[in-house]
Each structure stands twice: as structure tokens, then as C-alpha cells.
Amino acid sequence: MSLTFGREYEIERQFENCFKQYFKPLCFYAMRLLKDSEVAKDVVHDVFLIVWKHRNNLDFSRTMYPYFLNLTRNNAFNYLAHLKVKENYENKGVLQDCVDFAENDTEHEELIGNIIKRIDQLPERCRIVMQLCFIECKKYKEVADLLGISVNTVKTHISTGLKILREEFSASLLYIFFSCINKS
């Protein structure tokens, strides 16, 4: 019994040493691949979780860095592949909405009119911020300076306005609407 406990303690100690020694370098490596420090940390944490789950099957007496590096690279690539699949899926949904949106000019015009009408019914400051940001394509900082409010207040008005609009219109239709407005 104490032999098993001693082995388990030794594995935990070796695992902890690996974590202390490799965590930062692996985060830097993942950051180079992913270009996002928070995602890189998440990927490396996942690597350590994988190793922890298989700790009894690993030989920590050998150098583990190549193994950790391999796992980090694979997890980073899996994350990027997942992002691509997710992006393709979202784009297909938006593309279908674009097709549906453009197929019927009468509905198209009616929808645009309804969205504009609904924006006009927003609370005054919220309406002004939405129009300046989305219809006149001004940056948040420009709107904040123009209205004498903070950038965070601009963000709050945008969040409120979009929440209200999403109650009546799908997010993808709003995206299409604002994209069309910004192009004209």
C-alpha cells in the first residue's frame, strides 16, 4: 500500500515540476501558433489536463518537453481547425440568409424599413449612438468625443440597441442589414 502511495506521490511531484518548468515556454509556443495569449494558455492547460489523466502511463524520468511540445502543437492545430469549421458553418448560415434576404425585393425593402423604424424607436441616446456607429460608420472613440460620453458608454448603448433589435430580428439579418448600409 505504501509503495503505491510513494509512486503516486513521486508522479505528482514530477508532474508539478513539469508544470513549473514547461508552462511558460509552452504558452509562448502556443501563442506563436494561435496569436492569442488567452487561447494559448487554455490550450496549454488542456495539455496538462491530458497529461494528468494519463500520468500513470507516462515515464516522467525521461525528458518530457518534446512530448508536451507535440501535444501543444496538436491541440493548437485542433483549435484552429475547429475555428475554421465554426467559421464556415456560421458563414453558410449568413450566406443562406443573404440568399433568402435578396430573393424577394419587396420583403427586402420591408425588412430594411422595419429595422430602420425600430432603430428610430430606440431610446434617444441609444438611437443616436446606433446611427452614428452603424449607419454613419463612425468609430466608438469618434462617437464618444462627438457626444461627450465615454467609449464604455458608447459600448453600453450599442449593446442595449443590439439586444433590443435581436428580440425582433435575427442576428444574421441584422449583420446583413448593417453590412448593406455600410457599403452604400
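Each residue is numbered by its place in its chain's sequence as written, counting from 1. Side-chain atom pairs in this predicted model are given and counted only at pLDDT of 80 or more, local residue features only at pLDDT of at least 70, and totals for whole chains, interfaces and linings cover all residues. To obtain the side-chain values, all non-hydrogen atoms of the structure were included, while hydrogens and water were left out.

Chemist: What's the story with helix α5 (residues 124-135) in this structure? I'm lost.
Modeler: Residue pairs three or four apart in sequence face the same way in an α-helix, which turns once every 3.6 residues. Counted at 1.5 Å a residue, the expected span for α5 with its 12 residues is 16 Å, and the 15 Å between its end C-alpha atoms agrees. A 1.4 Å probe rolled over the protein chains alone gives each residue an accessible area, and that area as a share of the maximum for its type sets the label: buried under 20%, exposed over 50%, partly exposed in between. Note on conventions: DSSP H or I runs of at least 4 residues are helices, E runs of at least 2 residues are strands, and numbering of each starts at the N terminus. Listing the buried residues of α5 in full gives Cys126, Val129, Met130, Leu132, Cys133 and Phe134. Within two residues after α5, Cys137 carries a phi angle of roughly 55°, on the positive side. One less than the number of residues in a helix, times 1.5 Å, gives the span that helix is expected to have.

Chemist: Looking at this structure, I do not really get the pattern of salt bridges. What am I missing?
Modeler: Only one rule defines a salt bridge in this text: a Lys or Arg side-chain nitrogen within 4 Å of an Asp or Glu carboxyl oxygen. Summed over the entire model, instances satisfying the criterion amount to 6 salt bridges. The residue Lys141 makes a salt bridge to Asp145 at a minimum N-O spacing of 3.1 Å. Linking Lys141 with Asp145, this pair stays in helix α6 (residues 140-147), spanning 4 residues, or about one helical turn. When sorted by exposure, Lys141 lands in the same class as Asp145, which is exposed.

Chemist: I would appreciate a short explanation of the nonpolar core in the present structure.
Modeler: Generally speaking, a soluble globular protein has its nonpolar side chains buried in company with each other. In terms of nonpolar packing, the biggest core is built from 22 residues, with Phe48, Phe60 and Phe68 touching the most fellow members. Residue contributions to this core peak at 9 residues, all from helix α1 (residues 2-34). Note on contacts: a residue pair is in contact if any heavy atoms of the two residues lie within 4.5 Å. In this structure, Phe48 is in contact with Phe15, Cys18, Phe19, Tyr22, Phe23, Leu26 and Phe68, ignoring residues within four places of it in sequence. Counting 20 residues, the second largest nonpolar core, distinct from the first, contains Cys126, Leu132, Phe134 and Ala144. Grouping buried Ala, Val, Leu, Ile, Met, Phe, Trp, Tyr and Cys residues that are joined through side-chain atoms within 4.5 Å yields what is termed a nonpolar core.

Chemist: I would appreciate a short explanation of unusual backbone geometry in the present structure.
Modeler: One can expect most non-glycine residues to show negative phi and most peptide bonds to be in trans. For Lys35, which is not glycine, the phi torsion reads 60° and is therefore positive. Positionally, Lys35 belongs in the loop between α1 and α2 (37-53).

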